[in-house]
Amino acid sequence: MSEPLFLQSVMHEKIWGGTKLRDEFGYEIPSDKVGEYWAISAHPNGVSSIKNGRYAGQKLDRLYAEHRELFGNRPEPVFPLLTKILDANDWLSVQVHPDDAYGLKHEGELGKTEGWYVIAADDDAEIIYGHHAKTKEELREQIEAKNTIINKIIASISKNQEGTLILVKGEAGAGKTVLMSSLVDDLLNSEDISFIKDNNYINLIVNHNNQLSVYKEIERKLNWNSGSSLEVAMKPTQFLNALRKEKIKAGVVIVDEGHLLLTAKNQAYLGGNHLIDLLAQSKVVVLVYDDKQIMNKSQIWTDNTFFELEHEANLEGNLIELRNQMRIKANPETVNWIRSIIDDCEIKKLTKDKQYDIRIFDSPFELQKAIKLKNKDQKLGISRLVATYDWPYVEEKKKQDRPKWFVEIGDWKAPWNQQIKPEKKDAKLSWIEQPQTIDEIGSTFTVQGFDLNYAGVIIGPSVKYRNGKIMFDISESKNKGAVQNRKLENGEMKNFGEDLLKNELNVLLTRGVNGLYIYAVDEELQEALKEAIL
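Student: I would appreciate a short explanation of the nonpolar core in the present structure.
Tutor: As a rule of thumb, soluble globular proteins bury nonpolar side chains together. The biggest cluster of nonpolar side chains holds 70 residues, and the ones touching the most others in it are Leu275, Leu287, Ile347 and Leu529. If sequence neighbours within four positions are ignored, Leu275 has contacts with Leu165, Leu261, Val285, Leu287, Trp301, Phe306 and Leu309. Listed in part, the 32 residues of the second largest apolar core include Val184, Leu188, Tyr215 and Val252.

Below is the structure:
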């Protein structure tokens, strides 16, 4: 055969498709939502036809079966290639790529070994590759948790129930935020469960400014639409006030960092309890919660109400616990060493971990230098310096020309977070994503919920080591929201400062994915940490 075969092939419409196959490549397309042109295909879902020569009109799969000599006498029982041209006008769904053995066993067809050639791309185009799970068990836990939550949502709305609580618990690094962002995107965009969004508003609530910045950027990029006049991602007080103003009720509400919800009113929030108000205004609330990450006295439950809600959720099968550590890429001994410092206030001996880099530095200057060096290579993520809230800081409404608040240790100092003015293009990014913040010191207010490649932690004077135990000195902390007394329902004043400072240390020590660098101001603590690393 001396002439090439030209093919008549199939167009596939997708919710993420567009018109570039027509506008830029001249193809005739059936609609404005064409996502894939299967240029060379013998797949049953879109077989190409021969347009010319003696085989005109034949299907490619039949031609391959009857005239294998035209294809170099390939050994594969079916035509082995599928060549597509994609118009990804929006974010695609998650793609998985089984090998031939798995594909034939479970789907009755060959696997999905894939190669890409990017013909053209918008300036802000992105590809998300891989996942955070270190093992099949971790990935399975995430998938099963999301499927369980979706099934529980379906069950609740099918029964026309209101105020259903689905509680997701897990420690720092258990993958809660990854799970919630994936869940929200499925609820808004998955064709398989589209009836949920068709009949219910979908919202994502988080009481953390920097976390909200990330979700707002995802909302913009993925064109999320709540189904109501409200934006998808909002802070809880803003959301509850908007529901009242619009005189509407919520449908499915996902609450990330649920431990940061208020349990008492303040000047901006006149209700009594964020979660109770959300349950009263919603059909379903999916709440992510870790009591070891409560940061403020106004977030503490001072009665048994939360335990009662948790007990009820458990009885209904609506309690989901994430038990795997997905952030810290260390061996179990290293993870246990970090947890022992936080949970037991003990510093045990630790053999050097080849997977995870832990170092104790002699000075804050050397620590800062090491973190800046790690941050130069961001292939594995951003590295930042953080500290316990033991130095004065007041957030300025307007950025000053020069930083006003500093972390100072001896003759070394560096500005607290959110003081160095970002470039205009970076202004809406979260604190850790803004490049200039490498010269600042972060706190729980700017890093809670985020991953860092390497976390450099300055442990301030509120954390001490005495008589073989770590202790927390509330007199040294400048975090008034943590160390001031909380008024209980009976009028009694109670202090939760030591527990909240322990939570602060928990958040800071569990940010690093690949490494944790530490400097402690307290001399006995510094010495104990140095002696612990073998």
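On we go.
Student: Mind showing me how you'd approach the layout of surface pockets here?
Tutor: Empty space among the atoms becomes visible once a probe the size of a water molecule is rolled across them. Put simply, the second largest pocket is a space of about 1600 Å³. Taken together, the residues of the lining of the second largest pocket sort by class into 13 nonpolar, 20 polar and 12 charged.

Student: What exactly am I supposed to notice about empty space enclosed by the protein here?
Tutor: In total, this model carries 2 cavities of 30 Å³ or more according to the counting rule given. Computed from the structure, the largest cavity encloses a volume of approximately 80 Å³. Considering the residues around the largest cavity, the lining is formed by Tyr393, Val394, Glu395, Glu396, Lys398, Lys399, Gln400, Arg402, Pro403, Lys404, Gln418 and Gln419. Of the residues belonging to the lining of the largest cavity, the class tally is 3 nonpolar, 3 polar and 6 charged. Here the second largest cavity is characterised by a volume of approximately 50 Å³.

Student: I tried to follow a nonpolar patch on the surface on my own but got confused; where do I start?
Tutor: Together, Phe25, Tyr117 and Ile119 give the surface a local cluster of nonpolar side chains, amounting to about 390 Å² of exposed area. Along the polypeptide, Phe25 turns up in the loop between helix 1 (20–23) and strand 3 (34–41). Judged by its relative accessible area of 41%, Phe25 is partly exposed.

Student: Quick question: what am I supposed to make of the environment of Lys480 here?
Tutor: As for its placement among the helices and strands, Lys480 is situated in helix 14 (residues 480–483). You can call Lys480 exposed: its relative accessible area is 57%.

Student: For this particular structure, what's the right way to read the sheet that holds strand 2 (residues 10–18)?
Tutor: Strand order across the open sheet formed by 3 strands is 2-3-5, with antiparallel pairing between neighbours. Each edge of the sheet is formed by a strand with only one pairing partner; in this case those strands are strand 2 and strand 5 (82–86). Strand-to-strand twist of the sheet, defined as the mean angle between neighbouring strand axes without regard to direction, takes the value 30 degrees.

Student: How should I be thinking about the side chain of Ser340 in this particular structure?
Tutor: Along the polypeptide, Ser340 turns up in helix 11 (residues 332–344). Those residues in contact with Ser340, other than ones at most four positions away along the chain, are Cys345, Glu346 and Lys348.

Student: Sorry if this is basic, but what is going on with the sheet that holds strand 8 (residues 233–234) here?
Tutor: Read across the open sheet, the 6 strands follow the order 8-7-9-10-6-11; overall the sheet is parallel. Strands with a single pairing partner mark the edges of an open sheet, and in this sheet they are strand 8 and strand 11 (319–322). In the sheet, strand 6 (residues 164–170) pairs with strand 10 (residues 284–289) via 6 bridges, with the strands oriented parallel. Within strand 10, the residue paired with Val168 across the bridge is Val288.

Student: So what exactly am I meant to see when it comes to helix 5 (residues 176–189) here?
Tutor: Think of an α-helix as 3.6 residues a turn; residues three or four steps apart then line up on the same face. Taking 1.5 Å of rise per residue, 14 residues should cover 20 Å, and helix 5 covers 20 Å from first to last C-alpha, within 8% of that figure. Restricting attention to buried positions, one finds in helix 5 the residues Lys176, Leu179, Met180, Ser181, Leu183, Val184, Leu187 and Leu188.

Student: Sorry if this is basic, but what is going on with the packing of helix 9 (residues 274–281) against helix 10 (residues 305–315) here?
Tutor: Packed helices, taken two at a time, are described by the angle between their axes plus the distance between the axes. For the pair helix 9 and helix 10, the least separation of the axes is 11 Å and the interaxial angle reads 45 degrees. One finds that helix 9 runs oblique with respect to helix 10. Handedness of the helix 9/helix 10 crossing: left-handed. Counting all contacts with helix 9, which are made through Leu275, Ile276 and Leu279, the residues of helix 10 involved are Thr305, Phe306 and Leu309. Of the residues assigned to the contact of helix 9 with helix 10, the class counts are 5 nonpolar, 1 polar and no charged.

About the thresholds
All residue numbers refer to position in the chain's written sequence, counted from 1. Two thresholds apply to this predicted model, a pLDDT of at least 70 for residue-level local features and 80 or more for giving and counting side-chain atom pairs, whereas whole-chain, interface and lining totals are computed over all residues. Note: side-chain values were computed over all heavy atoms of the structure, leaving out hydrogens and water. Residue types Ala, Val, Leu, Ile, Met, Phe, Trp, Tyr and Cys, when buried and joined through side-chain atoms within 4.5 Å, form a set referred to as a nonpolar core. Summary of the burial criterion: residues with accessible area below 20% of their type's maximum are buried, those above 50% are exposed, and those between are partly exposed, where the area comes from a 1.4 Å probe applied to protein chains only. The criterion used for residue contact is that any of the two residues' heavy atoms lie within 4.5 Å. In this analysis, the protein atoms alone were mapped onto a 1 Å grid. Cavities are point sets where a 1.4 Å probe fits without being able to get out; pockets are open sets with protein on both sides within 12 Å along at least five of seven lines; lining residues have an atom within 4 Å of a point. Grid points are joined across faces, edges and corners, and a volume is the space filled by probe spheres set on the points. Note on residue categories: nonpolar means Ala, Val, Leu, Ile, Met, Phe, Trp, Tyr, Cys or Pro, charged means Asp, Glu, Lys or Arg, and polar means any other residue, Gly included. For patch detection, residues must exceed 30% relative accessible area and be free of salt bridges, and they are connected within 9 Å for like charges or within 5 Å for nonpolar side chains (Val, Leu, Ile, Met, Phe, Trp, Tyr). Surface accessibility in these figures is a Shrake-Rupley result with a 1.4 Å probe; residues are shielded only by whichever protein chains are displayed. In what follows, salt bridge is the name for a side-chain nitrogen of Lys or Arg lying within 4 Å of a carboxyl oxygen of Asp or Glu. Each helix corresponds to a stretch of at least 4 residues labelled H or I by DSSP, and each strand to a stretch of at least 2 residues labelled E; elements are numbered beginning at the N terminus. Strand pairing requires that DSSP identify at least two bridges connecting the strands. Axis angles are defined between N-to-C directions and span 0 to 180 degrees, where every axis is a line fitted to C-alpha atoms and, for a helix, only to the segment in contact. One less than the number of residues in a helix, times 1.5 Å, gives the span that helix is expected to have. Between 65 and 115 degrees an angle is taken as roughly perpendicular, under 35 as roughly parallel, over 145 as roughly antiparallel, and anywhere else as oblique. Rotating anticlockwise by less than a right angle from the far helix to the near helix defines a left-handed crossing, while the corresponding clockwise rotation defines a right-handed one.

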